[in-house]
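Per-entry structural report
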Amino acid sequence: METITQDQLDTSKAQIADDIKNNRVLLYMKGNKMAPQCGFSAQVVHLLNQANIEYDTRDILQDQILRQAIKDFSDWPTLPQLYVDGEFVGGCD
């Protein structure tokens, strides 16, 4: 596993801020809405789908830097993480 630099984290956090600003509902999760890769992510996807909410996802399993940066960005240690109108609203709970 490669060491993540502070510059990489800062760049990723800037991208996260931009993504959250430009997506009304955004879910950082393991997998994607078509193929969740953990039970907690699957539960959030199911709830959003049941409520007919339009949302986008980011797969933290595809990017080690993103996986760490989103935890630092929110100061929240677990995933999934759901953002609505620019605000972190929580995870699966």
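Just so it is clear, the model here is predicted, and its values are computed rather than measured.

So, helix α1 (residues 6-22)
The end-to-end C-alpha separation of α1 is 24 Å, in line with the 24 Å expected for 17 residues at 1.5 Å each. Looking at α1, one finds that the buried residues are L9, S12, I16, D19 and I20. Considered in projection along α1, the buried side chains sweep an arc of 95 degrees and stay on one side of the axis. Across α1 from its buried face, at more than 90 degrees, point the exposed residues D7, T11, K21 and N22.

Looking at the packing of aromatic side chains
A ring pair, where both rings are aromatic, is described by two values, the distance of the centres and the angle of the planes. Summed over the entire model, instances satisfying the criterion amount to four aromatic pairs. Here Y28 and Y83 contribute two aromatic rings whose centre-to-centre distance is 5.9 Å and whose plane-to-plane angle is 80 degrees, an arrangement assigned as edge-to-face. Placement of the pair is Y28 in strand β1 (residues 25-29) and Y83 in strand β5 (residues 81-84), with a sequence separation of 55 residues. The exposure class of Y28 is buried, given its relative accessible area of 1%.

What to know about the pairing of β1
Of all five residues that make up β1, five are buried, and the element is covered over most of its length. Burial along β1 is two-sided: V25, L27 and M29 and L26 and Y28, pointing in opposite directions, are all buried. As paired elements, β1 and β5 share four bridges and run antiparallel to each other. Its bridge partner lying in β5, L26 is registered against Y83.

Remarks on the pattern of salt bridges
In this structure the tally under the stated criterion is three salt bridges. A salt bridge links D19 to R58, with the nearest nitrogen and oxygen atoms 3.1 Å apart. In this pair, D19 is assigned in helix α1 and R58 in strand β4 (residues 56-59), connecting sequence segments 39 residues apart. Classification of D19 by relative accessible area gives buried; the value is 12%. The partner of R58 in a salt bridge is D56, with the nearest N and O atoms 3.0 Å apart. Ionic contacts of the salt-bridge type, sharing partners, join the residues D19, D56 and R58 into one network.

Here is what the cut-offs are and how they apply
Residues numbered from 1 in each chain as written. Predicted model: local features only at pLDDT ≥ 70, side-chain atom pairs only at ≥ 80, totals over all residues. Heavy atoms only, no water. Helix = DSSP H or I, 4+ residues; strand = E, 2+ residues; numbered from the N terminus. Expected span 1.5 Å × (residues − 1). Buried < 20%, exposed > 50% of the residue type's maximum accessible area, 1.4 Å probe, protein only. Arc of directions from axis to C-beta. Phe/Tyr/Trp six-rings, centres within 6.5 Å; stacked < 30°, edge-to-face > 60°. Pairing = 2+ DSSP bridges. Salt bridge = Lys/Arg side-chain N within 4 Å of Asp/Glu carboxyl O.

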